[in-house]
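Here's the letter readout for the chains.
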Amino acid sequence: MRISSLKKLVTDLMAIDMGTSSTIIAVRGRDIVLDEPSYIAVNELTNDVVAYGQEAYDMIGREGRDITVVAPLSGGVVADFEKTKRMLAFFVRKSKSGGSQVSTQAVMSIVSDVTHVEQRALMNAAEEAHIGKVHLVEEGLAAAFGAGVSPTDKRASAVVDLGAGTTNIAIIAKGTVISSTSARIGGNEINTALATHIRRHRGLQVGEETTENLKTNFASTYLPEDIARSMEVRGRDVQTGSPGAVDITAGEVYPVVEAIVRRIAQLISDTLTELRPEVAADIYDRGVILTGGGALLNGLDQYFRNFVNLPFTVADEPRYATVRGLLKMFDEPDLLERVSRNELSLLQNAEIPFEA
Ligand SMILES: Nc1ncnc2c1ncn2[C@@H]1O[C@H](COP(=O)(O)OP(=O)(O)OP(=O)(O)O)[C@@H](O)[C@H]1O
Ligand SMILES: [Mg+2]
């Protein structure tokens, strides 16, 4: 056996989708190996990391005295370089097939409006996680491939990725991004709106776990048939400060959620009115593909369909579309080379943002 093929045997080909709310890693031949919240818990006194991923997330709202749980990627970019680096290193180590001899090559997604500074920070984080070679690929492109768009298709496809912190609208044709729009609005906005509503109108402060549960298991984008259907939520009474609970109704939750969803629908609608005629014609025929965890919101595709007047379909396992698209890149080395955004010469002079 030649050395190069031996080396391939002991190289993990890793696809990494590091998002605001979760990091998903897939390894070639083993599919998804890691799906954890993008959080770490830090001891403020010693600066030690005490927990990563799911374990850190489970501490939110119930942290010990000196512990803070942080999401180092808030907004979809590297907000906290040092912590991002450590989180990535931990997840990569956890995802490896074998011992430390196994080398790693990775394809990672980046948001389309990433700056050189942010891109450089990400490359550095990957380097410190002992990844041998890293390719950075635009998120919209990866999501499209993962959702089944062919890289050789000359007709245009539209893919809307609804993440926790961002909504990314990408128009793809022939394996390239024709145009993309990214806005800092996502699933998190719904949680915040729900928490604000319950605090102001029902006098109860609720935590992240409660709003997430309300959103994923109770909320919908259409007026519910039984508006009196209710769900008990617990938290802290604003007046007395003591533990309390209130019954929230479906009719009460609906307008809060709808207000956010309408803003996202408007963003999609505005973006789709700026297309060139041929592209518009393609999208008119094919409609729009939805990816990302936000696409799982009850009735969202139907809402967009009515608002924008185009067919909308949710991709299979929408949360995994981006990582699956990245994984496919390993099968198409030429494509990967072409779409990689590793303009190192440009990055050389960029400053690395270190923690203050
Ligand atoms: N069943 C569900 N119903 C509604 N929302 C959901 C559901 N499941 C997950 N979500 C939401 O999807 C979002 C997470 O999606 P995803 O994992 O694609 O985000 P991300 O990639 O971490 O974020 P970003 O792409 O913005 O960096 C969260 O806001 C989460 O609450
Ligand atoms: Mg994402």
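What you see is a predicted model, and the numbers here were worked out from it, not measured in a lab.

Asker: An account of the domain arrangement of the protein is requested, with residue identities and associated values reported.
Answerer: Taken domain by domain, the protein comprises domain 1 (3–36 + 75–142 + 321–347), domain 2 (151–185 + 267–316) and domain 3 (187–257). Distance between the C-alpha centres of domain 1 and domain 2: 24 Å. Counting residues at the interface gives 16 residues for domain 1 and 16 residues for domain 2. Surface buried jointly by domain 1 and domain 2 totals about 1200 Å² across both partners, of which 52% is contributed by carbon and sulfur atoms. The interface formed by domain 1 and domain 2 contains zero salt bridges. Taken together, the residues of the side of domain 1 that touches domain 2 break down into five nonpolar, six polar and five charged.

Asker: A description of unusual backbone geometry should follow, citing residues and the corresponding values.
Answerer: Positive phi, close to 55°, is recorded for Asp31, a residue that is not glycine. Assignment of secondary structure puts Asp31 in strand 3 (residues 31–37). A relative accessible area of 33% places Asp31 in the partly exposed class. For Lys174, which is not glycine, the phi dihedral falls at a positive 50°. By the element assignment, Lys174 lies in the loop between strand 10 (167–173) and strand 11 (176–183).

Asker: I'd love a proper account of the site of ligand 1, names of residues and values included.
Answerer: By nearness alone, 21 residues border ligand 1, and Thr20, Ser21, Glu212, Lys215 and Gly293 come closest of all. Ser21 places a main-chain nitrogen or oxygen 2.7 Å from an oxygen atom of ligand 1. Gly294 has a polar backbone atom sitting 3.1 Å from an oxygen atom of ligand 1. Protein coverage of the free-state accessible area of ligand 1, which is 650 Å², stands at 89%. Those elements that place two or more of their residues in the shell around ligand 1 are helix 6 (187–202) and helix 7 (208–217).

Asker: Just give me the short version of the sheet that holds strand 14 (residues 243–249), but keep the residues and values in it.
Answerer: Reading across from one edge, 12-13-14 is the order of the three strands in this open sheet, with antiparallel pairing throughout. This sheet does not close on itself; its edge strands, each paired only once, are strand 12 (204–205) and strand 14. Set on the sheet, helix 6 makes contact with strand 12, strand 13 (230–237) and strand 14; between it and strand 14 the angle comes to about 105°.

Asker: Any details on the sheet that holds strand 15 (residues 288–291)? Residues and values, ideally.
Answerer: Sheet architecture is open: five strands sit in the order 11-10-9-15-16, paired in mixed fashion. The outermost strands of the open sheet, each flanked by one partner alone, are strand 11 and strand 16 (312–314). Ignoring strand direction, the axes of neighbouring strands in this sheet form an average angle of 20°. Here strand 15 pairs with strand 16 via three bridges, running parallel. Each bridged residue has a counterpart across the sheet, and for Ile289 the counterpart in strand 16 is Thr313. Running over the sheet, helix 5 (residues 139–146) touches strand 9 (157–162), strand 10, strand 11 and strand 15 and is turned about 70° from strand 10. Along the sheet face, helix 9 (residues 277–286) touches strand 9, strand 10, strand 11 and strand 15 and points at about 70° away from the line of strand 9.

Asker: Could you give an account of helix 4 (residues 116–128), with specific residues and numbers?
Answerer: Over its 13 residues, helix 4 runs 18 Å from end to end, which matches the ideal 18 Å to within 8%, given 1.5 Å per residue. Among the residues of helix 4, those classed as buried are Gln119, Arg120, Ala121, Leu122, Met123, Asn124, Ala125 and Ala126. Two residues or fewer after helix 4 comes His130, characterised by a positive phi angle close to 60°.

Asker: Which residues make up the pairing of strand 15, and what are the values?
Answerer: Judged by which residues are buried, strand 15 turns out to be covered on both faces: Val288 and Leu290 on one side and Ile289 and Thr291 on the other are all buried. Both strand 9 and strand 15 contribute to a ladder of four bridges, which runs parallel. Paired with Ala158 across the two strands is Val288, which belongs to strand 15. Each parallel crossover has a hand, and for strand 15 linked through helix 10 (residues 300–308) to strand 16 it is right-handed.

Reading the values: the criteria
Residues numbered from 1 in each chain as written. Chains lettered and ligands numbered in written order. Predicted model: local features only at pLDDT ≥ 70, side-chain atom pairs only at ≥ 80, totals over all residues. Heavy atoms only, no water. Domains from an automatic or database assignment. Contact = heavy atoms within 4.5 Å. Buried area = accessible area lost by both parts, 1.4 Å probe. Salt bridge = Lys/Arg side-chain N within 4 Å of Asp/Glu carboxyl O. Nonpolar A, V, L, I, M, F, W, Y, C, P; charged D, E, K, R; others polar. Helix = DSSP H or I, 4+ residues; strand = E, 2+ residues; numbered from the N terminus. Buried < 20%, exposed > 50% of the residue type's maximum accessible area, 1.4 Å probe, protein only. Near = heavy atom within 4 Å. Polar contact = N/O pair within 3.5 Å; in protein donor to acceptor, adjacent residues only side chain to side chain. Areas by Shrake-Rupley, 256 points an atom, 1.4 Å probe, with all protein chains shown as cover. Pairing = 2+ DSSP bridges. Axes fitted to C-alpha atoms, helices over the stretch in contact; angles between N-to-C directions. Expected span 1.5 Å × (residues − 1). Right-handed = clockwise from strand over helix to strand, strands pointing away.

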